[in-house]
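In case you want the letters, here they are:
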Amino acid sequence: MPSLSRDTQRKYAILRAIDIMERPSLQDIASETGIPAGTVKRQLTSIREELKVKILFIRDPSSPEGANGYYSLEGWGILDPSSFRNHFG
């Protein structure tokens, strides 16, 4: 089986981080994965569009203009969560 592309590896690392971390911020995900925050944001858009994964950004109402918050994985889209966790968890 061929190895995964760098792009796919990044997507899976981001999904794994959101899945295993409690209330991860953008910086938490970047730190956990070693992927720059700007790239994480671009990959999140791609994950949502390509894989139909439902990832929500939950804003902290106490932060100015709701800039702070965390990401929540609400639906796995076309991915099977059990299979994903077995392979990448």
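Here, every reference points to the structure presented above.
Residues numbered from 1 in each chain as written. Predicted model: local features only at pLDDT ≥ 70, side-chain atom pairs only at ≥ 80, totals over all residues. Heavy atoms only, no water.

Moving on to the nonpolar core. Grouped burial of nonpolar side chains is what soluble globular proteins tend to show. Judged by nonpolar contacts, the single largest core of 20 residues is most densely connected at Ile-14, Leu-15, Ile-18, Val-40, Val-53 and Ile-55. Counting only elements with at least two residues in this core, the list comes to α1 (6-20), α2 (26-33), α3 (37-51) and β2 (69-75). In terms of residue count, the dominant contributor to this core is α1 (five residues). Residues within four places of Ile-55 in sequence aside, it is in contact with Leu-15, Ile-18, Leu-44, Ile-47, Arg-48, Tyr-71, Ser-72 and Leu-73. (Core = buried A, V, L, I, M, F, W, Y, C linked by side-chain atoms within 4.5 Å. Buried < 20%, exposed > 50% of the residue type's maximum accessible area, 1.4 Å probe, protein only. Helix = DSSP H or I, 4+ residues; strand = E, 2+ residues; numbered from the N terminus. Contact = heavy atoms within 4.5 Å.)

Here we come to the packing of aromatic side chains. Evaluated as defined, the whole model comprises five aromatic pairs. Centre to centre, the rings of Tyr-12 and Phe-88 are 4.6 Å apart; their planes meet at 55°, and the pair counts as tilted. Taken together, the residues Tyr-12 in helix α1 and Phe-88 in helix α4 (residues 81-88) connect sequence positions 76 residues apart. Note on Trp-76 and Phe-84: the rings are 5.3 Å apart at their centroids and 50° apart in plane angle, and the pair reads as tilted. An identical accessibility class is assigned to Trp-76 and Phe-84; each is buried. Linked through ring pairs, Tyr-12, Trp-76, Phe-84 and Phe-88 together constitute an aromatic cluster. (Phe/Tyr/Trp six-rings, centres within 6.5 Å; stacked < 30°, edge-to-face > 60°.)

With that settled, consider α1. Here α1 contains 15 residues, and its C-alpha end-to-end distance of 21 Å stays within 8% of the 21 Å for a straight helix at 1.5 Å per residue. For α1, every residue scored as buried is listed here: Lys-11, Tyr-12, Ile-14, Leu-15, Ala-17 and Ile-18. Each element contacted by the buried residues of α1 is listed here: α2, α3, β1 (54-59), β2 and α4. (Expected span 1.5 Å × (residues − 1).)

Attention now goes to the pattern of salt bridges. In the structure shown here, the tally under the stated rule is four salt bridges. In this structure, the salt-bridge partner of Arg-16 is Glu-32, at a minimum N-O distance of 3.9 Å. Taken together, the residues Arg-16 in helix α1 and Glu-32 in helix α2 connect sequence positions 16 residues apart. A relative accessible area of 27% means that Arg-16 is categorised as partly exposed. Here Arg-85 ties to Asp-19 by a salt bridge, and the two come within 2.8 Å at their closest N and O atoms. Pair noted here: Arg-85 is in helix α4 and Asp-19 is in helix α1, with a separation of 66 residues, a long-range link. For Asp-19, a relative accessible area of 25% gives the class partly exposed. Among the ionic contacts, a cluster of salt bridges with common partners joins Asp-7, Lys-11 and Glu-50. (Salt bridge = Lys/Arg side-chain N within 4 Å of Asp/Glu carboxyl O.)

Attention now moves to the packing of α1 against α4. One can describe the packing of α1 onto α4 by two numbers: an axis separation of 11 Å at closest approach and a directional angle of 105°. Relative to α4, the element α1 lies roughly perpendicular. Each of Tyr-12, Leu-15, Arg-16 and Asp-19 in α1 lies in contact with α4, whose residues at this interface are Phe-84, Arg-85 and Phe-88. Each residue belonging to the contact of α1 with α4 can be placed in one class, and the counts come to four nonpolar, no polar and three charged. (Axes fitted to C-alpha atoms, helices over the stretch in contact; angles between N-to-C directions. Parallel < 35°, antiparallel > 145°, perpendicular 65-115°, else oblique. Nonpolar A, V, L, I, M, F, W, Y, C, P; charged D, E, K, R; others polar.)

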